[in-house]
Amino acid sequence: MATIEFPWLWGRFCSVLAWLASALLLIGCRPAPEANVAGYLLSTWLGTQPPAVSTASPGALAGRVVDAQGEPIAGATVLVAQADGAPHQAITDADGRYRIVGIPPGQYVPAAVAPGYAERALAGLLDIPKLITIVADETTTAPPLTLAPYLPAPLPDGLAAAVNLRPTGVYTAAASFPAEAVADVTAYAFDYAGATVDTVRVYLPQGHDPAVQLPLLFMVYPSPVDDWEAVSVAFADEQFAVVAISPTAARGTDAEAHAQDARVALALARAGALGDAVGDNRPVAMGGSFSSAILSRLLRAAGDDLAGWVTVGGLADAFTAAHEFYAGRISVPAPYTWLVPALGPPNLYPLPFLMYSPVYSAGELPPTLIIHTAADEILPIDQAFALEAAVRAAGVPVETYYYTDVSHYLGIGENLTDAGRTMFYQIAEFTKRYGESP
């Protein structure tokens, strides 16, 4: 009786799985993030990573971007991305027309964003992503891409009561920098969109009169808020009311959901629900690394509620970050190791990458401070250069601090460097310059 060798059977099984995954993608059935990661790991095992890119002569894509009434939208950014993340883009003219050149032959889903409009990918029946085939040395014309106004979901009336806002602790915290820095801290929790968010902290200078309002600094941290307490205390010591929040575990790596949690916390702060010292003055917001993706979505949702923002080692273009990831040129720390493949193939599902790329909607950004180290191995400093160029081109006030250091973040404590000190005071001065005072 013949025997079946297991390696042969496993190879056939993996080939069938790979074919099935490709078929599902082509008919528009987007897998869950877990399935996207499984597909990535499988293709890595099969030796098909990084994604192959055609070496044939490039083609071009042309089309129009319009609103719901069919009127042209000028100044929209339209792009397609290769399977390895590399983007190709163009800006629409006065008639809403665009032409993207230099695209490797293959299948793509175009996506677009414009000032005042939500990001959208080209879709067909049942909102299934619509594939466009690019052919060498030819221009393919895509159907019109229709954008809708960006309208964040309304927050409930009587917000504090609606989200069951409650204090969960009061204590005093200290930091070694600036010298003898001390802050009074109140911890809060609220319930929103099916999750309990217990990562809100308010830091005030020790002994501050709670009835006297302070300028507000809104911090969105990339990891547990209490791990960043020395940073929050240091800024409170500079006579800011610091409201800090970090991702809650229930949201996983869903930056959009984290951004809506932060939007609730910001609205509670500006309504005075987090204490009289924290009031209705527009703050500067700050984030870095993973929380820069959260902050980019908060900036769209909050709009004029923020007077400025600071990005430290932040993400500016998720497409080029994906390109660096698939090329093996960046190291992604846990728990974000598989974040890029979890979003799906960029050529077929560009929307999440576009949503986390403020470089493509720079004209809507408030005054901006960009901080980045040339030593960053998680998000290369090219991300900062691209954001600076886009913000300057849009006429938005921008300041930068580029340095060479081992730190991807602002670290305050025993490992504080000279670059960290400079960074701290530049952030404080930027916040005083652009943040609203009571």
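First things first, this report covers the structure right here in the doc. (Residues numbered from 1 in each chain as written. Predicted model: local features only at pLDDT ≥ 70, side-chain atom pairs only at ≥ 80, totals over all residues. Heavy atoms only, no water.)

**Examining the pairing of strand β18 (residues 368-373)**
Then, in step 1: Burial of β18 is extensive: 6 of the 6 residues sit out of reach of the surface.
Then, in step 2: What you see with β18 is no split at all: T368, I370 and H372 on one side and L369, I371 and T373 on the other are buried throughout.
Then, in step 3: In the sheet, strand β17 (residues 308-312) pairs with β18 via 4 bridges, with the strands oriented parallel. Note that in β18 the partner of V310 across the bridge is L369. (Buried < 20%, exposed > 50% of the residue type's maximum accessible area, 1.4 Å probe, protein only. Helix = DSSP H or I, 4+ residues; strand = E, 2+ residues; numbered from the N terminus. Pairing = 2+ DSSP bridges.)

**Observations regarding the environment of P283**
Then, in step 1: Of note, P283 is situated in the loop between α5 (255-270) and β16 (284-288).
Then, in step 2: The exposure class of P283 is buried, given its relative accessible area of 0%.
Then, in step 3: Separated by 108 residues in the primary sequence, P283 and V391 have C-alpha atoms spaced 20 Å apart.
Then, in step 4: Aside from chain neighbours lying at most four places away, what touches P283 is L216, L217, F218, L266, R270, D305, L306, A307 and G308. (Contact = heavy atoms within 4.5 Å.)

**Re the packing of α5 against helix α6 (residues 290-302)**
Then, in step 1: Between α5 and α6, whose axes approach to 8 Å, the crossing angle comes to 60°. Classified by the angle between their axes, α5 and α6 sit oblique to one another. When you trace α5 past α6, the crossing you get is right-handed. In this structure, α5 contributes A255, E256, H258, A259, Q260, A262, R263 and L266 to the contact, and α6 contributes F290, A293, I294, R297, L298, A301 and A302.
Then, in step 2: Here the contact of α5 with α6 is composed, by residue class, of 10 nonpolar, 2 polar and 3 charged. (Axes fitted to C-alpha atoms, helices over the stretch in contact; angles between N-to-C directions. Parallel < 35°, antiparallel > 145°, perpendicular 65-115°, else oblique. Left-handed = near helix turned anticlockwise from the far one by under 90°. Nonpolar A, V, L, I, M, F, W, Y, C, P; charged D, E, K, R; others polar.)

**Description of a nonpolar patch on the surface**
Then, in step 1: A surface patch of nonpolar side chains, about 350 Å² in accessible area, is lined by L125, L126 and I128.
Then, in step 2: One can find L125 in the loop between β7 (117-121) and β8 (132-134).
Then, in step 3: Assessed through its relative accessible area of 73%, L125 is described here as exposed. (Patch = residues over 30% accessible without salt bridge, like charges linked within 9 Å, V, L, I, M, F, W, Y side chains within 5 Å. Areas by Shrake-Rupley, 256 points an atom, 1.4 Å probe, with all protein chains shown as cover. Salt bridge = Lys/Arg side-chain N within 4 Å of Asp/Glu carboxyl O.)

**Comments concerning the packing of aromatic side chains**
Then, in step 1: What the rule picks out here adds up to 15 aromatic pairs.
Then, in step 2: Taking 5.8 Å as the distance between ring centres and 40° as the angle between the ring planes, the aromatic pair formed by Y40 and F325 counts as tilted. Placement of the pair is Y40 in helix α2 (residues 33-46) and F325 in helix α7 (residues 318-326), with a sequence separation of 285 residues. The residues Y40 and F325 share a single accessibility class, namely buried.
Then, in step 3: Three or more aromatic residues joined by ring pairs form one cluster here, namely Y40, F325, Y326 and W338. (Phe/Tyr/Trp six-rings, centres within 6.5 Å; stacked < 30°, edge-to-face > 60°.)

**Remarks on the pattern of salt bridges**
Then, in step 1: All told, the structure shown has 17 salt bridges when counted by the stated rule.
Then, in step 2: With a closest N to O distance of 3.0 Å, E436 and R282 form a salt bridge. Of this pair, E436 sits in the segment after α11 (418-434) while R282 sits in the loop between α5 and β16, placing them 154 residues apart in sequence.
Then, in step 3: Across the pair D418 and R421 runs a salt bridge whose closest N-O atoms are separated by 2.9 Å. Separated by 3 residues within a single helix, D418 and R421 lie in helix α11, roughly one turn from each other.
Then, in step 4: According to the relative accessible area criterion, D418 is exposed, its value standing at 59%.
Then, in step 5: The class of R421 is partly exposed, set by a relative accessible area of 34%.

Note that all results are geometric; they support no functional claim without further evidence.
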